[in-house]
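Examination of the molecular architecture
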Amino acid sequence: MSMTREQIRDYVLTYLEATECQFLEKSPHHVTVKLSPRADRDLTNRPYYWGFIERTGAEPETMSFSFIFDPEAHQASEEAKAAREQKGPGAQQQMEAAQEDTLLGRYYGAVRPLPILGPGRIQREELAFGSPRLKQIFEATRRGGRYVYLFEEPEQRQRMALLPAAYEPWLGVCFKVEFCCDMKREELHFYGVSLLTGAIDESFQTRIAAKQLVPRLPENVHIEPTKFTLDAGRTVLEQRLAEQIAAYDDRWAQEARERLNDELSLIDAYYKDLVNDPEPERAQGASEQYEARRDEIRWQYEPRIVVSALGCGIFHLRSPR
């Protein structure tokens, strides 16, 4: 699995927008942001600083980052920008300053520029698939986005309407189904169930993909009361997923069991004489290795289906009624 530069950029921008970071500069090749307190906690690894802020109630000063998605294109853009600035009205002042620095350097030696420290510092990070910072963003997204509580953003005319719009609560769950043996296959199923009517949508991701979702209750909206509990909704979705899995072709499991039996037969043939060794100590050691090897082969080849919930949420969507 991998990601293109465009996919990485879209993913990172979505995370920065969701965590309410302040965008300072943005281009197709990079983005410069001042982190929000939430993003700063996720990405900067400063537990002592945030502990101090919590104890004292002081105003936090978050860090700034420039995330580079395409280093070559960004470098070319920066060089072109610098060339344009040299041709601008401030070029003469820059040349005079450079000459003055050279003159001072003759008498006092080269003076290294001081590093920018503190709140004004902007750290530069190149983001590519597999980079530590991108993994950190993935982990922060997994922690923060596993459970959500969102509302459909109404149209502008609904905000001015006399009657509030009725919103229907849905429970949405993204299930990961793993078909495991000596080979592995994974599937994602995003199901939704209405906590008002009990209706199930097996393509719930398609339902919400075209909608603008916000974390706060919009104006002029009425949330209809639920008739199903969260436990009841979860049970309904699990039952529907179990029914779908039961309808799958199970030849993969039968073939995996055949390979398992072949491997166990080879192990039995190899250890047959070793476990019957006349020397008790050697026989005991061989017997322990024999059982351990059989357990290992069973774990590797025995077919099984593992289902887990990657994320879930309550989605308040406009009722069609």
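This text follows the structure it describes.
Quick look at the structure, then. (Residues numbered from 1 in each chain as written. Predicted model: local features only at pLDDT ≥ 70, side-chain atom pairs only at ≥ 80, totals over all residues. Heavy atoms only, no water.)

Turning our eyes to something else, we now look at the overall build of the protein chain. Along the protein chain, the regular secondary structure elements total eleven helices and eleven strands. Taken over 321 residues, the protein chain has a buried fraction of 32%. A separation threshold of at least 6 residues defines the contact pool for the protein chain, and within that pool the share at least 24 residues apart is 71%. Counting only carbon and sulfur atoms, one obtains 53% of the accessible surface of the protein chain, whose full area is about 21,500 Å². (Helix = DSSP H or I, 4+ residues; strand = E, 2+ residues; numbered from the N terminus. Buried < 20%, exposed > 50% of the residue type's maximum accessible area, 1.4 Å probe, protein only. Contact = heavy atoms within 4.5 Å. Areas by Shrake-Rupley, 256 points an atom, 1.4 Å probe, with all protein chains shown as cover.)

Examined against the element boundaries, Arg142 turns out to sit in helix α6 (residues 132–144). For Arg142, a relative accessible area of 43% puts it in the partly exposed group.

What follows covers the layout of surface pockets. As a volume, the largest pocket reaches approximately 2,000 Å³. Around the largest pocket, the lining comprises 43 residues; the ones closest to its centre are Tyr11, Thr14, Thr141, Gly145 and Val148. Across the lining of the largest pocket, the residue classes tally to 23 nonpolar, twelve polar and eight charged. Around the second largest pocket, the lining is made up of 13 residues, and of these Tyr147, Leu171, Val173, Arg234 and Cys312 lie nearest the centre. Elements supplying a minimum of two residues to the lining of the second largest pocket: β5 (147–152), β6 (165–180), α9 (230–246) and β11 (304–318). For the lining of the second largest pocket, the per-class residue count stands at nine nonpolar, one polar and three charged. (1 Å grid on protein atoms, 1.4 Å probe; cavity = no way out; pocket = protein on both sides within 12 Å on 5 of 7 lines; lining within 4 Å. Points joined across faces, edges and corners; volume = space filled by probe spheres on them. Nonpolar A, V, L, I, M, F, W, Y, C, P; charged D, E, K, R; others polar.)

Okay, the nonpolar core next. Among the nonpolar cores identified, the biggest contains 20 residues, and Val12, Leu16, Leu35 and Phe67 are the most heavily contacted of them. The element that contributes the greatest number of residues to this core is helix α1 (residues 5–18), accounting for five residues. Setting aside chain neighbours within four positions, we find Leu16 in contact with Cys21, Phe23, Val31, Val33, Leu35 and Phe67. With twelve residues, the next largest nonpolar core counts Phe179, Tyr191, Leu241 and Ile314 among its residues. (Core = buried A, V, L, I, M, F, W, Y, C linked by side-chain atoms within 4.5 Å.)

Glancing now at the packing of helix α10 (residues 251–271) against helix α11 (residues 280–301). The relative placement of two packed helices comes down to the angle between their axes together with the axis-to-axis distance. Contact pair α10 / α11: the axes reach a minimum separation of 10 Å and the direction vectors enclose 170°. Classified by the angle between their axes, α10 and α11 sit roughly antiparallel to one another. For the pair formed by α10 and α11, the contact residues are Ala256, Arg259, Leu260, Glu263, Leu264, Ile267, Asp268 and Tyr271 on the first element and Ala286, Gln289, Tyr290, Arg293, Arg294, Ile297, Arg298 and Tyr301 on the second. Class assignment for the residues of the contact of α10 with α11 results in nine nonpolar, one polar and six charged. (Axes fitted to C-alpha atoms, helices over the stretch in contact; angles between N-to-C directions. Parallel < 35°, antiparallel > 145°, perpendicular 65-115°, else oblique.)

The next subject is unusual backbone geometry. Here the phi dihedral of Asn45 falls at roughly 55°; this positive angle occurs in a residue that is not glycine. Checked against the element boundaries, Asn45 lands in the loop between α2 (37–43) and α3 (47–56). When its relative accessible area of 63% is taken as the criterion, Asn45 is described as exposed. Even without glycine at this site, Asn220 takes up a positive phi of about 60°. Along the chain, Asn220 turns up in the loop between β9 (213–214) and β10 (221–223). You can call Asn220 partly exposed: its relative accessible area is 22%.

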